[in-house]
Amino acid sequence: MEPVSLAISVASLGSVFQTCIAAFNCLTDAMRIGSTALSLEIRFRVEAMRLNLWGKSRGLTNALNGGPRGNDLLEIGEMRRLILDILGRIAQLLEKHVQVTQKYRALADPQASEDVADSSSLSLPKVMAAKAKLDSRIADVSQRTSIGAKIRWALQDKNELTALLAELTALNDGLERLLPEAQARALSQSLAGEILSNAPTLPQISESSFGAHNHQAARIIWLRQQNKTSIAEPSASSAALSLSGISTPVTSNKTIGKNGGEVDGDWVIPVTSFKDFIELRLKDLRVQNGNVLEVPNVRTVQYYIPNGSDQRGQYVLVEWRSQQAESENSCITPKALSERHKHLVRLLHRTSITSTDFRVLRCLGYTHATGRLPDGQQHPVVGFVYQMPSLKGGAAAGIPVTLREILGSAYESQEPIAPDLNDRFALAYNLSLALYQLHCAGWIHRKISSHNILYFKDPDGGTFDVTKPFVGGWQYARPDHHVDANPDQKGPVGISEMAGAGRVSGLGDSAMYIHPDRLEEAKGIPRFRKSYDIYSFGVILMEIAFWEPILVFAAPDDRKKMGSSEQYGTINYSQLSPALIKATENEIGSEMGARYRSVVLTCLKGLDSTKKLDHEMDLEDMNGLEPGIEKEFFWRIVEELRQHTDLME
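Computed from a predicted model, the values in this text were never measured in an experiment. (Residues numbered from 1 in each chain as written. Predicted model: local features only at pLDDT ≥ 70, side-chain atom pairs only at ≥ 80, totals over all residues. Heavy atoms only, no water.)

From N to C terminus, the protein chain includes 22 helices and 16 strands. Taking all 649 residues of the protein chain together, the buried fraction comes to 56%. For the protein chain, the share of sequence-separated contacts (at least 6 apart) that also reach a separation of at least 24 residues comes to 74%. If you sum the accessible surface of the protein chain, you get close to 28000 Å²; carbon and sulfur atoms cover 51% of it. (Helix = DSSP H or I, 4+ residues; strand = E, 2+ residues; numbered from the N terminus. Buried < 20%, exposed > 50% of the residue type's maximum accessible area, 1.4 Å probe, protein only. Contact = heavy atoms within 4.5 Å. Areas by Shrake-Rupley, 256 points an atom, 1.4 Å probe, with all protein chains shown as cover.)

This part takes up the UniProt feature "coiled-coil region" (unreviewed entry) in the protein chain. Within this numbering scheme, the UniProt entry marks residues 158-185 as carrying the feature "coiled-coil region" (unreviewed entry). Across residues 158-185 one finds 89% helix and 0% strand; the C-alpha atoms that close the span lie 31 Å apart. (UniProt positions renumbered as here; feature names shortened; annotations may be inferred.)

This brings us to the packing of aromatic side chains. Inspection of the entire model under this criterion finds 13 aromatic pairs. Each ring, one from F274 and one from Y304, has its centre 6.0 Å from the other, and the planes form 65°; the classification is edge-to-face. Of the two residues, F274 sits in the loop between β2 (262-264) and β3 (280-281) while Y304 sits in strand β6 (residues 298-304), which places them 30 residues apart along the sequence. Since its relative accessible area comes to 3%, F274 is described here as buried. Here Y455 and F464 contribute two aromatic rings whose centre-to-centre distance is 4.9 Å and whose plane-to-plane angle is 45°, an arrangement assigned as tilted. Grouping aromatic residues by their ring pairs yields a cluster made of F274, F277, Y304 and W320. The aromatic ring of Y476 is capped on one face by K447, whose charged end is 5.2 Å from the ring centroid. (Phe/Tyr/Trp six-rings, centres within 6.5 Å; stacked < 30°, edge-to-face > 60°. Lys NZ or Arg CZ within 6 Å of the ring centre and 35° of its normal.)

Below, the discussion takes up the packing of helix α9 (residues 181-198) against helix α10 (residues 215-227). Relative to each other, α9 and α10 sit at 50°, their axes nearing to 8 Å. Put simply, α9 runs oblique to α10. Here α9 runs over α10; the crossing is right-handed. For the pair formed by α9 and α10, the contact residues are L191, A192, I195 and L196 on the first element and A217, I220, I221 and R224 on the second. Here the residues of the contact of α9 with α10 sort into seven nonpolar, no polar and one charged. (Axes fitted to C-alpha atoms, helices over the stretch in contact; angles between N-to-C directions. Parallel < 35°, antiparallel > 145°, perpendicular 65-115°, else oblique. Left-handed = near helix turned anticlockwise from the far one by under 90°. Nonpolar A, V, L, I, M, F, W, Y, C, P; charged D, E, K, R; others polar.)

What follows is the structure, given as structure tokens:
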């Protein structure tokens, strides 16, 4: 080993790294207060976040996720030398632009310019000298307020800043290239949550807002901004405001073309477009106090031929829900309800084409129809229409099967077959990544369960990839800022799960996925939020671990009732959550390991970012938003499952 490598310790790398981060903060603070173009300021802040994430992943600062594991990168002397060289150049660049002279210009001294331009590797003494200079500059800026003003004046040179940004971006890229591919990809995935945690309010962004290597994060946050333009459901009071001249925003009536561009359209698919459509047979209604809450999950596969089109027909999946459950207790007009449907399917379409990691089918539009109840009465329904996925070889997908059906078959079988352990870990990871990105994009699903995890079998062999499901059930979803119909009621109108203190008028075992906070009627049912989706995901993780449906944890009599999928109201679900937590603590470790058990418990018990907030006052004051929850979910759930999945391969 070369002497220079021996001299470079992890501590010295950490020291240089901390100085670089402090200088980045100094620079971006000056930009924020000054007149630097906002787009340029955002790019610098994103590069600072990238550097910070890289350092945390290597344990050079407050470690992510409880500390780095297998930090072999820093154990290799040559790697430490390469990292020192890149960090040293970052320090030199920042030192050059932080220094201020009496002429109010950020001019580099000759030696600094010569060092940055030098393509040879930097020695440890040279890097530490640059660090000492930079520390001195930062101290000056923090102690003399007038210096900050001088920096801001110097930062008005856009060409110089653009050149600096390009160099810093290239150096960050160099650091990421030193990482194994899976770890570099994880850092890229984490960026959206990091940005939302550090800069929750951003101007309208484009795909290039965060740089050439961060398009995915930009697309996800762009989706979030589109989510925030949705139409709020008016209550009686907001309807009065509209009459007085204050109206709710209405989204443009556009669709997305094949290449992602918007074209005119209204997203409405006439039911006559479905060849040989047969009236739906509805099993039951879920009713509370005379109001329709919902119907059981109904999915059909239809052959869709666009009216007046030369396009070839195709099989599509349609997910149905009751129209009355949406509007019975609200002041929403039919026109406004139609605009809401259009906005929802438009966002679903945009989500599906943004990334396959969302695991969302491409939404084509929505349709209206009627269903027939067991008593013979007709009931209006709305259906969301999805394009079926393409299978290997271009084969058409068949009728979907749910994860719940797969688990139920295994549970009832005399010779149950569970997927390999590595496939179950991969399934858990892929679902966690999908939920993380969906939350970052502004979605709250509200019906996360194995009933809404879909697979499409190869029609010839009947096989499917258990690790790559699709997330369905979007007919109940809302953007995370959605305004409820009744501002005086904590629970959203028409979807309350309550029918008594801790008792649910449920259908099947769907209520077992509900967060216990939503079962405490005496305290008032809080509006839905992301942490409730995460709890439901924790229940799915339990099902994946045991490869059994969650109803196996219910009492035998209750299990029989839930298995019948009939309406009931005699099961005390408030007692189930402690039972699930106890089973996780005592049994999952032997099935999936201690790390998986920790992940499930975190989902069921709640993330720290939610626990730090006052449960009632703070969350309600913020419309149920939970700042930082996406970032914490990524590092404590997604990344934990990824690392465990990698170990299994």
